[in-house]
Each structure stands twice: as C-alpha cells, then as structure tokens.
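Listed here are the chains, written in short residue letters.
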Amino acid sequence: MDSNAIIKCSALHVKPKGLTLQYGTAGFRSKAEHLDHVMFRMGLLAVLRSKQTKSTIGVMVTASHNPEEDNGVKLIDPLGEMLALSWEEHATHLANAEEQDVLRVLTDISEREAVNLHHDSFVVIGRDTRPSSKKLSEAVIDGVTVLGGQFHDYGLLTTPQLHYMVCCRNTNGQYGEATLEGYYQKLSKAFVELSKQVSYNGDGHRSLKVDCANGIGALKLKEMEHYFSKELSIKLFNDGTKGKLNYLCGADFVKSCQEPPQGMDIKSNERCCSFDGDADRILYYYCDTDGHFHLIDGDKMAALISSFLKELLLEIGENLNIGVVQTAYANGNSTRYLEEVVKVPVYCTKTGVKHLHHKAQEFDIGIYFEANGHGTVLFSKPAETKIRQLSKELRGKKRNAAEILENIIDLFNQAAGDAISDMLVIEAVLALKGLTLQQWDALYTDLPNRQLKVKVADRYVISTTNAERQAITPPGLQEAIDGLVKKYRLSRAFVRPSGTEDVVRVYAEADSQESVDSLLHEVSSVVFQLAGGIGEIPQLSF
Ligand code: NG1
Ligand code: ZN
C-alpha cells in the first residue's frame, strides 16, 4: 500500500465536511454532487474485498429508481450477489471517515479482515445513463488504481448485467461468457429454445410495449432485440431520447402511483411493461376496454412462475424443494394464493433483494420477488445437475418438461433480479401456457393497497422487528398502529425507514380503497407525531 499516493489521491476526492451516509438497502444513494469521495473510497474498498476473496468484485454506479440528480454505488460480491453484511459496515466507516482518517480506516479494515495486500485484485465497473455517472465511475477507477488494483470498465450496463459479468468471471466462464455478447446469446438462446416448444393456437406473433424509464434498459434492449425479434417484437417507449430518467415513467412510478407511465400510448388490452432506471425491476400492466388500468406486479410474477415450475416438476416426477420468498410489501392475497392454491411454502424477509436472495438460496428452487418487480428464481447446483441429467434421460412429454426447465434455468439471471431476463421468462411462460395478460391477472385479485412517504428529522428513530412488520421504537408507535388497523377489514399496515431515500415508508392494505386511504392517512399522522415529522403533515396526493 503506497500511503503517500493514497493520501494525495484522496485529497482530490475530498469529502464534504460533516456529511455522513449509510450503506443502505442497495448501497449508497445521495445527490450526485455529494458522492465523489464515496466513489473513490468504494474503489479502494473493492480492491481490499477482491484481495480478500481472491475474486473479481463489481462496482455499479447507479441510483436505480431515484431521480436523475441522485446517484449511488454498490459493490457486487464474487458470485454476483450483494456485498456481505460485515463489509457493508466497513463501507459505511470508510465513506464517513474524515479526510485525515481515510488511511487509518483502510488499514484497520484490511487488518480486521486479514487481507493479504500482496494478493492480486480485479474490479469490474459498470454505470447507468445518469449524466453524473461517467465522472463518478472515473472516481471509482482512481480508487482502484491507487491501491494497485486491475480493472475492466464495462461502461454502460444494466445493474443485473454487471452482476452477470462478476458471476461469469468468478466461475471461469462456466456461468457464461463475461461479455455483453455472451449475456445476449445466453439469454436469447434459452428464450428461442423455449419459444420452439410453444404450440400456437392462433395467437400468432407476440408483441410487447416496454417503458424503459428513460434509462439504460432502452440502450441494452436495442442492442439485444434482433436476437429474439422472430419470437417477440418489442416496441420501446421512454427510451431516453426525450424525457428525464424515472420522471413520470418507469416501474417505480407505475407501482407507486398505480397508473400507466406517461410517454406511452396504450390501447385497450395491449400488453405492456415498465423497467426501472437500471433495469433490475419489471412490472406488467394493461388497460381494459373500460379504460381501467390493471397492474400485474412482482407478487403475481411469483404466483405465475411458482405454479408453472410446480407443474413441470410434477410432470418430470421430481420432488424438488420449492420456496417462495416475499417481503412485508407482498399483497396479502398473493400470499394466500401461493399458500392455499399453488401450495408452496412462503417466507417473509426484510426489504431489499440481498435478504430475499439469501433466503432463496436455502431451497432447491428459490423463487423471490418483491412486489415492486424485483426478483428472480435460483436453482441450487444439485437441482440444476439433476434437471440437466433428466433432460437427456427422459423421453416424450417428460423430456419436454425437463428441457423447458433447463432453458428456464439459463434464462433466469441467477446472480440478481433482472428486468430483461424476467421479461423473457414471463413471455415464454405466458406463451407456453397460452395465457393472456388478463388471464394471468385473474389468478387472484389484489387487496387494495397504497404507500405514503413521511418526512421526519431522523428516520432511524424508527426501528423494526419481525421482518419489518412491527415497529419497536419510538415507544407507543406499534400500539397506535395496532389500534388503527383493528378498525378495518382484511387490514394490515406497517412503517419502516427507507434504505434508499430520506423518508419513512408507510404501507396499508384493506378490503376497499376507501379503507386503505383512511388507514394510510391515520398511520402516517401517527408516524408524523411520534417519530418527529417535519414540514407538512403528509397528504395522499394522487
Ligand atoms: P427502500 O427505499 O429501502 O424501501 C426500495 C424498495 C426495495 C428495493 C430497494 C432497492 C420498496 C418499498 N422498497 O427500498 O424494495 O427495491 O429500493 O432498489 O419498494
Ligand atoms: Zn433498480
């Protein structure tokens, strides 16, 4: 470690005095102009993590669904998964160290984690389309190089594409080739194979409108679409040529406002979907003949995919252990449907894919989706080997089912939730089952639900337990929520500090939209009073 060089270089990426940030649900997020030092320091940290794990580490510069003026950064661990929890703490320490302490904190981390500083290191970097992302990714590279790390800058990538690259590199190409071409070929080959197994019943060529949130998803879909255009034609909207990133469009807007994105003309019953700003989330929707908007969210993706996978397993006669993982934001009726109709065990974890992903790894087939459209399906190594073996051994319909499963394994991004990959899976499953969006939507009816953001002086005065479904502090808050929830039918409400924005999120569901809105308003007022609300008391503004 060349201490002088680090000190000198760090001074070029100076931390605004007094600024503290926390490695949250998906890394650091803040206004882009506050992040230069964080990027440089995450470059340093990625080198240490790479040396320690003797693997390639990823650094993604993105703030996903946040507004365009924000940015963020997260580290990707060796198998393409999120950074280990203990290293999140190191990340927070390093990001918040005052200038004169940077070297000491860095040395401290490397001693505590027994990092062999003589070991080689390799870091791969990707970024989204935000105007600030290029410069910030250069700060990451400064951090990597000053610690003597080697790197490859992939430039513009979706977040899940970088997860894929990390996974490929650390499995010596077993998972796939660590290039964009490799990613496109792996996914489209599996999709085309699945499409060959569809017996068409007059449905003809399939088409889909995609709202790209004015983000990276548009660029990458344009590069990819010719690989599968015979099987599926996609029409891109909000492709970044006119509008602003995530503004009045994209998966987060569609989910939170429960309305179609702007910039996309939707005719009745047309098949539509939205990506978020870094293309790791996807939601489907359509407008019926009366002009009513119908959202098909991550919970319904989990429902469709779980029942499809269960049918295939039944066909091949394999009793693999399936688990579905959700968060507290999952619609109550989706949980009921999964447990009572699909008959799969359902688990609830804290918000944020790192928690869901971790839990899903416990099963032969772990299906995880957040309601907001973030998710994937993980297959354990033994399950994958078994399925690949059966697709060679079995005959007839059983063999077909095993081959479908094999292609589904290749089509799902095993490293992270991925809008492009999930879109192709959903398209394949709907075509194979001969389902329209309306039929998919009719699997169950969502309980009316809504969320609200409450601004408070310090959102961390709220602490939670039981997978974030109950508040422990401030005193009296949970009791007050319990009292309010009791007033309504089929009702549920909970509050938690956001890990990506400086707000407290309030969620409510109940038997009618009227009840939801009134419960949401009451709970938000209690949060405002007991948790130090600032500004105006939050109002429903839809
Ligand atoms: P926070 O801000 O911690 O609620 C949001 C989403 C998460 C996850 C992360 C990462 C909701 C309620 N929360 O987290 O599900 O996707 O962003 O992007 O949608
Ligand atoms: Zn995202």
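What you are looking at is a predicted structure, and each value in this text was computed from that prediction instead of being measured.

**Side note on the layout of surface pockets**
Part 1 of the reasoning: Computed from the structure, the second largest pocket encloses a volume of approximately 660 Å³.
Part 2 of the reasoning: Looking at the second largest pocket, it is lined by 24 residues, and the ones nearest its centre are Tyr175, Phe379, Lys381, Glu384 and Gln414.
Part 3 of the reasoning: Secondary-structure elements contributing two or more residues to the lining of the second largest pocket are helix 7 (180–196), helix 12 (353–360), strand 14 (375–379), helix 13 (381–393) and helix 14 (396–411).
Part 4 of the reasoning: Along the lines of polarity and charge, the residues of the lining of the second largest pocket split into 10 nonpolar, seven polar and seven charged.
Part 5 of the reasoning: Each of two domains, domain 2 (183–292) and domain 3 (298–441), supplies a minimum of three residues to the lining of the second largest pocket.

**Some points on the pattern of salt bridges**
Part 1 of the reasoning: All told, the structure shown has 35 salt bridges when counted by the stated rule.
Part 2 of the reasoning: Across the pair Glu384 and Arg388 runs a salt bridge whose closest N-O atoms are separated by 2.9 Å. Of this pair, Glu384 and Arg388 both sit in helix 13, four residues apart, roughly one helical turn.
Part 3 of the reasoning: In this structure, the salt-bridge partner of Arg492 is Glu509, at a minimum N-O distance of 3.1 Å. Taken together, the residues span a long stretch of sequence, with Arg492 in strand 18 (residues 492–497) and Glu509 in strand 19 (residues 504–509) at a distance of 17 residues.

**Structural notes on helix 7**
Part 1 of the reasoning: Over its 17 residues, helix 7 runs 24 Å from end to end, which matches the ideal 24 Å to within 8%, given 1.5 Å per residue.
Part 2 of the reasoning: Residues Gly182, Tyr183, Tyr184, Lys186, Leu187, Ser188, Ala190, Phe191, Val192, Leu194 and Ser195 constitute the buried set of helix 7.
Part 3 of the reasoning: Buried residues belonging to helix 7 abut helix 6 (159–170), helix 8 (216–224), strand 7 (232–237), helix 14 and helix 15 (419–433).

**Digging into the packing of helix 3 (residues 85–96) against helix 4 (residues 102–112)**
Part 1 of the reasoning: Where helix 3 meets helix 4, the axes come as close as 10 Å, and the angle between the chain directions of the two elements is 165 degrees. If you check the angle between helix 3 and helix 4, you find them roughly antiparallel. Two packed elements cross with a definite hand, and for helix 3 against helix 4 that hand is right-handed. On the side of helix 3, the interface is formed by Trp87, His90, His93 and Leu94, while helix 4 contributes Val102, Val105, Leu106, Ile109 and Arg112.
Part 2 of the reasoning: Residue composition of the contact of helix 3 with helix 4, grouped by class: six nonpolar, two polar and one charged.

**Let's talk about the packing of aromatic side chains**
Part 1 of the reasoning: Enumeration over the complete set of coordinates arrives at 13 aromatic pairs.
Part 2 of the reasoning: Consider the rings of Tyr284 and Trp440, whose centres lie 5.3 Å apart with planes at 65 degrees: the pair is edge-to-face. With Tyr284 in strand 9 (residues 282–287) and Trp440 in helix 16 (residues 437–441), this pair connects stretches of sequence that are 156 residues apart. The burial state of Tyr284 is the same as that of Trp440; both residues are buried.
Part 3 of the reasoning: Through a chain of ring-to-ring contacts, the aromatic side chains of Tyr164, Tyr175, Tyr183, Tyr184 and Tyr227 assemble into a single cluster.
Part 4 of the reasoning: Between the NZ or CZ atom of Lys186 and the centre of the ring of Tyr175, over which it lies, the distance is 3.5 Å.
Part 5 of the reasoning: Above the face of the Tyr444 ring, Lys300 is positioned so that its terminal group lies 4.6 Å from the ring centre.

**Overview of the state of the cysteines**
Part 1 of the reasoning: Per the counting criterion, the structure on display carries zero disulfides.
Part 2 of the reasoning: Among the cysteines around Cys168, which has no disulfide bond, Cys167 carries the closest sulfur, lying 6.1 Å off.
Part 3 of the reasoning: This cysteine, Cys257, is not joined by any disulfide, and Cys249 carries the nearest cysteine sulfur, 11 Å off.

**Observations regarding the packing of helix 2 (residues 36–53) against helix 5 (residues 133–146)**
Part 1 of the reasoning: In contact at an axis separation of 7 Å, helix 2 and helix 5 are set at 40 degrees when each is read in the N-to-C sense. Taken together, helix 2 and helix 5 sit at an angle that is classed as oblique. Considering how the two elements wind past one another, helix 2 and helix 5 form a crossing that is right-handed. Seen from helix 2, the contacting residues are Asp36, Met39, Phe40, Gly43, Leu44 and Val47; seen from helix 5, they are Leu136, Ala139, Val140, Asp142, Gly143, Val144 and Val146.

**Focus on the domain arrangement of the protein**
Part 1 of the reasoning: As far as domains go, the protein holds domain 1 (3–156), domain 2 (183–292), domain 3 (298–441) and domain 4 (449–530).
Part 2 of the reasoning: Domain 2 and domain 4 are separated by 33 Å when their C-alpha centres are compared.

**Considerations on the sheet that holds strand 5 (residues 150–156)**
Part 1 of the reasoning: Read across the open sheet, the five strands follow the order 1-3-2-4-5; overall the sheet is mixed. Each edge of the open sheet carries a strand with a single partner, namely strand 1 (28–31) and strand 5. Across the sheet, the axes of successive neighbouring strands diverge by a mean angle of 15 degrees, strand direction being ignored.
Part 2 of the reasoning: Pairing analysis gives four bridges linking strand 2 (residues 56–61) to strand 3 (residues 70–76), with the strands arranged antiparallel. The residue of strand 3 that forms the bridge with Val59 is Leu75.
Part 3 of the reasoning: Taken strand by strand, helix 5 contacts strand 2, strand 3, strand 4 (122–127) and strand 5, and its axis lies near 175 degrees from that of strand 4.

Calculation criteria
- Residues numbered from 1 in each chain as written.
- Chains lettered and ligands numbered in written order.
- Predicted model: local features only at pLDDT ≥ 70, side-chain atom pairs only at ≥ 80, totals over all residues.
- Heavy atoms only, no water.
- 1 Å grid on protein atoms, 1.4 Å probe; cavity = no way out; pocket = protein on both sides within 12 Å on 5 of 7 lines; lining within 4 Å.
- Points joined across faces, edges and corners; volume = space filled by probe spheres on them.
- Helix = DSSP H or I, 4+ residues; strand = E, 2+ residues; numbered from the N terminus.
- Nonpolar A, V, L, I, M, F, W, Y, C, P; charged D, E, K, R; others polar.
- Domains from an automatic or database assignment.
- Salt bridge = Lys/Arg side-chain N within 4 Å of Asp/Glu carboxyl O.
- Expected span 1.5 Å × (residues − 1).
- Buried < 20%, exposed > 50% of the residue type's maximum accessible area, 1.4 Å probe, protein only.
- Contact = heavy atoms within 4.5 Å.
- Axes fitted to C-alpha atoms, helices over the stretch in contact; angles between N-to-C directions.
- Parallel < 35°, antiparallel > 145°, perpendicular 65-115°, else oblique.
- Left-handed = near helix turned anticlockwise from the far one by under 90°.
- Phe/Tyr/Trp six-rings, centres within 6.5 Å; stacked < 30°, edge-to-face > 60°.
- Lys NZ or Arg CZ within 6 Å of the ring centre and 35° of its normal.
- Disulfide = S-S within 2.5 Å.
- Pairing = 2+ DSSP bridges.

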